[in-house]
Amino acid sequence: MTHAVIAATGLFTPDQSISNEELVTAYNAYAEAYNAEHAAQIVEGDVAPLTPSSVEFIEKASGIKSRFVLDKAGVLNPERMAPSIAERGNDELSIMAEMAVKAAQQAIAAWGKPVSEIGAVLCAASNMPRPYPALAIEVQQALGIDGFAFDMNVACSSATFGIKTAADFITGGSVKAVLMVNPEVCSAHLNFKDRDSHFIFGDVCTAVIVESSDTAGPGGWDVLGTRLKTSFSNNIRNNFGFLNNAAPEGIGAPDKLFVQQGRKVFKDVVPMVSDMIVDHAGELGIDPTALKRMWLHQANINMNQFIGRKVLGREPEPHENVIILDDYANTSSAGSIIAFHLHQDGFQPGDTGLICSFGAGYSAGTVFVRKR
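Residues numbered from 1 in each chain as written. Predicted model: local features only at pLDDT ≥ 70, side-chain atom pairs only at ≥ 80, totals over all residues. Heavy atoms only, no water.

Peer 1: Can you help me understand the overall build of the protein in this one?
Peer 2: When its secondary structure is counted, the protein shows 11 helices and 13 strands. Over its C-alpha trace the protein gives a radius of gyration of 21 Å, about what one expects of a compact globule, namely 21 Å for 372 residues. Relative to its 372 residues, the protein shows a buried fraction of 52%. Carbon together with sulfur atoms contributes 52% to the accessible area of the protein, which is approximately 16200 Å² in total. Separation of charge centres in the protein, based on 28 positive and 41 negative side chains, amounts to 6 Å. (Helix = DSSP H or I, 4+ residues; strand = E, 2+ residues; numbered from the N terminus. Rg over C-alpha atoms; globule rule 2.2 N^0.38 Å. Buried < 20%, exposed > 50% of the residue type's maximum accessible area, 1.4 Å probe, protein only. Areas by Shrake-Rupley, 256 points an atom, 1.4 Å probe, with all protein chains shown as cover. Lys, Arg positive; Asp, Glu negative; His and termini not counted. Charge placed at Lys NZ, Arg CZ, Asp CG, Glu CD.)

This is the structure we're talking about:
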């Protein structure tokens, strides 16, 4: 019976990186200037003073030590606190399409087959640069791929939802191979003026080629099963959208960037994801405690460690529960794919692993794979 195979992956990493020390220096300069500007209101109790950030606070809260970004100067400018990314003309390749093409080219080169064998392109990411034309179609055109393409957004779970969608296209006979890309410019929707979240995100792009087992060559990963779950919550939210134009008084408000209730998210999502992994493994006849490796969404080291302990029934070894957020930070949908792309060593044919993502929605996706 035909099934889906993850045949190749690719990764685009920006050249620029920001350390926690650099980020804290910029934020504290901003906070100091803000407190000085609002000194009278702070004394009267009308305005709350901003609390300084620290490297220790960031690393304890998240495990993040640095993050890659497209524009370092804008983020570290206390008078701007946002990346500076010039708008491109309609006849130019957009910045997110450019990232996606670079990651896709790496995956295609590793795959070793012509793009003519790809029948669909999916762009699965937490944010899109515009409503239309679809970014996926722009990437499709840039790579010279026929067939069809479309965008999909399930926030941090977009990549696993994309793998599930690609696998369904393949098992249903629609196409023989699918390219899925996950361009994430998370620095553009992060409020760098918010102490509780200014350190969370980084920029990156990943790519995955999912192929039919009928045409797949040696190597790669058999997709043993995929499962998706959603449950509505406002605890992670971003209210930016086209309707802002109909209510201009809200433009630029804090809720038009990323906002979250971190403690509530932890309390809700960790047990939901842990139970989902164990239940899905049982349905597939897989012993979750025997998984060789987990490539989890890279949001927070404390969440990942808790999920790892729950699934494996013990304290995971570092190679069993991969952490890459210390260097990359939270890269939304791309995080679990970065971990998978960079840490496939030590597997023998028949060994099993898990790609899992979770985030806003709430949403979660599990993809169990076996080394071919």
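Read on for the rest.
Peer 1: Honestly, the pairing of strand β1 (residues 4-12) in this entry has me stumped. Any pointers?
Peer 2: Here is the key point about a regular strand: its side chains alternate between the two faces of the sheet. With 8 of 9 residues buried, β1 is to be regarded as a mostly interior element. Strand direction decides the pairing type here: β1 and strand β7 (residues 203-212), joined by 8 bridges, are antiparallel. The residue bridging Phe12 from the neighbouring strand is Cys205, located in β7. In this sheet, strand β8 (residues 221-230) lies alongside β1 in antiparallel orientation, the contact comprising 2 bridges. (Pairing = 2+ DSSP bridges.)

Peer 1: Can you help me understand helix α6 (residues 135-143) in this one?
Peer 2: Each turn of an α-helix holds 3.6 residues, which means side chains three or four residues apart point in the same direction. All of the buried residues along α6 are Leu135, Ala136, Glu138, Val139, Gln140 and Leu143. Buried residues along α6 sit in contact with α5 (95-111), β4 (120-124), β5 (148-152) and β6 (177-185). A positive phi of about 70° marks Gly144, the residue just after α6. (Contact = heavy atoms within 4.5 Å.)

Peer 1: Sorry if this is basic, but what is going on with the packing of helix α1 (residues 20-37) against helix α3 (residues 55-62) here?
Peer 2: The packing of two helices is summarised by the inter-axis angle and the distance between the axes. Packing of α1 against α3 leaves a shortest axis separation of 9 Å and a crossing angle of 120°. For the element pair α1 / α3, the angle class is oblique. Crossing angle aside, the handedness with which α1 passes α3 is right-handed. Judged by residue contacts, Asn20, Glu21 and Val24 of α1 engage Val55, Ile58 and Glu59 from α3. Among the residues forming the contact of α1 with α3, the class breakdown is 3 nonpolar, 1 polar and 2 charged. (Axes fitted to C-alpha atoms, helices over the stretch in contact; angles between N-to-C directions. Parallel < 35°, antiparallel > 145°, perpendicular 65-115°, else oblique. Left-handed = near helix turned anticlockwise from the far one by under 90°. Nonpolar A, V, L, I, M, F, W, Y, C, P; charged D, E, K, R; others polar.)

Peer 1: Any chance you could explain the side chain of Ser158 here in plain terms?
Peer 2: Take Ser158: it is sitting in helix α7 (residues 158-171). The exposure class of Ser158 is buried, given its relative accessible area of 0%. A distance of 3.4 Å separates a polar side-chain atom of Ser158 from the backbone oxygen of Ala125. A polar side-chain atom of Ser158 sits 2.8 Å from the main-chain amide nitrogen of Val154. Setting aside residues no more than four positions away along its own chain, Ser158 makes contact with Ala124, Ala125, Ser126, Met152, Asn153 and Ser333. (Polar contact = N/O pair within 3.5 Å; in protein donor to acceptor, adjacent residues only side chain to side chain.)

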